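Residues per chain, in single letters:
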Amino acid sequence: MSLSEPEVAKVARLARIAIPPDELPAMTAEVNGILGWIEKLQAVNTDGVEPLVSVSGMTLPLREDVVTAGGCAADIVSNAPETMENYFVVPKVVE
Amino acid sequence: MTTFTHLTIAQALKGYRNKDFKPSEVVADHIKATEQLRPLNCYITETPEQALAAAKASDARYAAGTALPLDGIPLANKDLFCSKGIRTTAGSKILENFVPTYESTVGQNLLDAGVAFLGKLNLDEFAMGSANITSAYGYVESPWKRTGAEGAGHNSPKLVPGGSSGGSAAIVAARGAMGATGTDTGGSIRQPASFTGIVGIKPTYGRCSRWGVVAFASSLDQPGPFARTVEDCALMLNTMAGEDPKDSTSARIETPDFTRGLGQDIKGLRIGIPREYRPSGLNSEISALWDKGAAWLRDAGAEIIEVSLPHTEYALPTYYIIAPAECSSNLARYDGMRYGLRAEGKDLTAVYENTRAQGFGREVKRRIMIGTYVLSAGYYDAYYRKAQRVRALIARDFDEAFKKCDVLLAPTAPSTAFGWEEKPTDPVEMYLNDAFTIPASMAGLPAMSVPAGLAANGLPLGLQLIGKSFDEITMIRAAAALEAAAGFTATPTIMAA
């Protein structure tokens, strides 16, 4: 199947990537090229085949529910674009 | 010898123990080499002071008789591994100013073993690419030049080192570091190793911890070593591998001594030749080299068995659903709030959208778009679930093949390195570079590339060995035999003096 430019614009919105209108045709063409190519998987008979989610074949380990780290707020915010008193400062969300 | 940059890791360790030379002398030579090789653009960040400080500590330990397993070995670290207090970019503009406050487990394991890291190596942005041309920090140039009509002069076309671990491969091939870390999601260690005439190992998924490695596709990503010999790679892997409580997918299994695979004969070892790796259009030189590799192993006592991996042709499209899906989830974290670039915008959504538009390069955006689409409501079953089912069939193919053989032998890449200006413009054509490496990644199997010869254009070609899950030792045993038979001694045009 092939995506239209408005559909690609919708995917870009879902992915939170701004795509200027003049770049939309090229992105649409590239995405459709890749989607057309991965379409060949539909030819594979996978009836009764369980999806392989992980190759490790093991259950995830549980650890004791105890505090193992903390007291490092300054480390955690050290790469933030904007901080105040060891809090992240973000753009206003609620008007 | 006037310079120490041509030593292997094993030779350097021997020299240190015998007090023939000291780590600080060897590391100083490598820092000089780093400067000489700067035009190749292997590094994003150089760390000569840290390397020298580490080397001095190594000198003291050798003097005191308390040397560590890789004490004083000059290595370089792919800039996908977080390094404490040292900028880590993942080759992306979005992490241009990111300075981790912690060290990756693999990096820490190497530091604890006494290595001196020379710097952080260039790579394709977020490890997405096969030529090291998607980095926000510029292309990496391979130290190799073609022979023949175009000439081997320094003005002849610049070649790619492969990718995504292009800086790792180029610096090791050019004798700027004895070894380097890499990561392999669909071939990012093996393909550049083949392009640059060195050895690279992608261990079994789970063998090396992914903690502190910037995530691309979590069910596939696996760290591994680059070096110029099989032995050096085994030595590095001994230190890099190990269970890590901080990575829930790290295997709860003991790390063996991988050097046990070295220096053994391969009499009776069953080598499988997967017939689907010889499509009708396969380059005849690569086909011939593969036959030669099989003949070398047969002459060394192995049994050559033809096997079939019927779903091979579906591995690449399966990968280009699963890897972008996981990438779109993993890269959702780059929102400009907690770390990384933040762009301006009229509201919060616009801040997100502009941050990601400015911070990510074209290939990364494309993969996020594909991943977002295949995971979106209404398409999840048709694409993502379907791909996971085909992935199960690909893994099953290997299980069946390994009932008949112990190790598989195949080409690593479908061509020699190509030029900066000759890169395919169609993304799908670029993806075909990984056609031979992706199937083993999908199955989580250990695989490695060993330099096996030069093509008529003077560029190296590697052969790939694929082992059973967690049986790197048998794979290394076959690789050492292949290395001995191939006797690859060619060196690149551009090398540290």
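As shown above, the structure is provided for reference.
Enquirer: I'd like to hear about the overall build of chain A, residue by residue, with values.
Expert: Helix and strand counts for chain A stand at 3 helices and 2 strands. Going residue by residue from the N terminus, the α and β elements of chain A occur as α-α-α-β-β. Over its C-alpha atoms chain A spans a radius of gyration of 23 Å, topping by over 25% the 12 Å that the globule rule assigns to 95 residues. By principal-axis analysis of the C-alpha atoms, chain A measures approximately 55 × 45 × 25 Å. Put simply, chain A shows about 6500 Å² of open surface, and 56% of that area lies on carbon and sulfur atoms. Both charge centroids of chain A, one from 6 positive and one from 14 negative side chains, sit 4 Å from each other.

Enquirer: Pulling in residues and values, what's your account of the interface of chain A and chain B?
Expert: Taken together, the 50 residues of chain A in the interface contact 62 residues of chain B. Overall, the association of chain A and chain B removes approximately 5100 Å² of surface from exposure, summing both partners, and the carbon and sulfur fraction of that is 69%. On the chain A side of the contact with chain B, Trp-37, Leu-41 and Asn-79 of chain A bury the most area, a combined 13% of that side's loss. Connecting chain A to chain B are 5 salt bridges.

Enquirer: Account for the layout of surface pockets, with residues named and values stated.
Expert: By volume, the largest pocket amounts to about 870 Å³. In terms of lining, the largest pocket is formed by 40 residues, of which the most central are Trp-211, Gly-212, Val-213, Ala-215 and Arg-333 of chain B. At the level of secondary structure, the elements contributing two or more residues to the lining of the largest pocket comprise α3 (73–76) of chain A together with α9 (312–330) and α12 (380–401) of chain B.

Enquirer: Tell me what's going on with the nonpolar core, and back it up with residues and numbers.
Expert: Generally speaking, nonpolar side chains in soluble globular proteins are found buried as a group. In terms of nonpolar packing, the biggest core is built from 143 residues, with Phe-126, Phe-398, Leu-409, Met-448 and Leu-465 of chain B touching the most fellow members. Counting 42 residues, the second largest nonpolar core, distinct from the first, contains Val-27, Tyr-43, Ala-76 and Phe-226 of chain B.

Enquirer: Give me α9 of chain B: which residues, what numbers.
Expert: The terminal C-alpha atoms of α9 of chain B, which comprises 19 residues, lie 27 Å apart, in line with the 27 Å expected from a rise of 1.5 Å per residue. Counted residue by residue, α9 of chain B has 17 buried out of 19 residues, so it is predominantly covered.

Enquirer: Give a detailed account of empty space enclosed by the protein, specifying residues and quantitative values.
Expert: It is the rolling of a water-molecule-sized probe over the atoms that shows where space remains empty. Per the counting criterion, the structure on display carries 4 cavities of 30 Å³ or more. In this structure, the largest cavity encloses a volume near 60 Å³. Residue composition of the lining of the largest cavity, by class: 4 nonpolar, 6 polar and 2 charged.

Enquirer: Talk me through the state of the cysteines; I want residue IDs and the actual numbers.
Expert: Scanning the model with the defined rule gives 0 disulfides over all chains in all. Looking at Cys-72 of chain A, it has no disulfide partner, and the nearest cysteine sulfur is the one in Cys-82 of chain B, 15 Å off. The class for Cys-72 of chain A is partly exposed, based on a relative accessible area of 28%. No disulfide involves Cys-42 of chain B; its sulfur sits 17 Å from that of Cys-233 of chain B, the nearest cysteine. In this structure Cys-42 of chain B comes out as buried when scored by relative accessible area, which is 2%.

Enquirer: Describe in detail the side chain of Asp-397 of chain B, supporting the description with residues and values.
Expert: Residues and elements named next belong to chain B. Positionally, Asp-397 belongs in helix α12. Of the side chains with opposite charge, Arg-396 comes closest to the buried, unpaired Asp-397, at an N-O distance of 7.2 Å. In this structure Asp-397 touches Ser-308, Leu-309, Pro-310, His-311 and Thr-312, once residues within four positions along its chain are discounted.

Enquirer: Just give me the short version of a nonpolar patch on the surface, but keep the residues and values in it.
Expert: On the surface, Ile-76, Phe-88, Val-90, Val-93 and Val-94 of chain A cluster together to form a nonpolar patch covering roughly 460 Å² of accessible area. Residue classification places Val-93 of chain A among the exposed residues on the basis of a relative accessible area of 57%.

Enquirer: Got a sec to walk through the pairing of strand β10 (residues 447–454) of chain B? Specific residues and values, please.
Expert: Residues and elements named next belong to chain B. Of all 8 residues making up β10, 7 are buried, and the element is well covered by its neighbours. Two strands pair when backbone bridges link them, and strand β5 (residues 199–202) and β10 are joined in this way by 3 bridges, in the antiparallel orientation. Each residue of the ladder has a partner; that of Lys-202, found in β10, is Ala-447. Taken together, β10 and the strand that follows it, strand β11 (residues 460–467), pair antiparallel across an intervening segment of 5 residues, in which Gly-458 is found at a positive phi of about 85°.

About the criteria used
Residues numbered from 1 in each chain as written. Chains lettered and ligands numbered in written order. Predicted model: local features only at pLDDT ≥ 70, side-chain atom pairs only at ≥ 80, totals over all residues. Heavy atoms only, no water. Helix = DSSP H or I, 4+ residues; strand = E, 2+ residues; numbered from the N terminus. Rg over C-alpha atoms; globule rule 2.2 N^0.38 Å. Areas by Shrake-Rupley, 256 points an atom, 1.4 Å probe, with all protein chains shown as cover. Lys, Arg positive; Asp, Glu negative; His and termini not counted. Charge placed at Lys NZ, Arg CZ, Asp CG, Glu CD. Contact = heavy atoms within 4.5 Å. Buried area = accessible area lost by both parts, 1.4 Å probe. Salt bridge = Lys/Arg side-chain N within 4 Å of Asp/Glu carboxyl O. 1 Å grid on protein atoms, 1.4 Å probe; cavity = no way out; pocket = protein on both sides within 12 Å on 5 of 7 lines; lining within 4 Å. Points joined across faces, edges and corners; volume = space filled by probe spheres on them. Core = buried A, V, L, I, M, F, W, Y, C linked by side-chain atoms within 4.5 Å. Buried < 20%, exposed > 50% of the residue type's maximum accessible area, 1.4 Å probe, protein only. Expected span 1.5 Å × (residues − 1). Nonpolar A, V, L, I, M, F, W, Y, C, P; charged D, E, K, R; others polar. Disulfide = S-S within 2.5 Å. Patch = residues over 30% accessible without salt bridge, like charges linked within 9 Å, V, L, I, M, F, W, Y side chains within 5 Å. Pairing = 2+ DSSP bridges.

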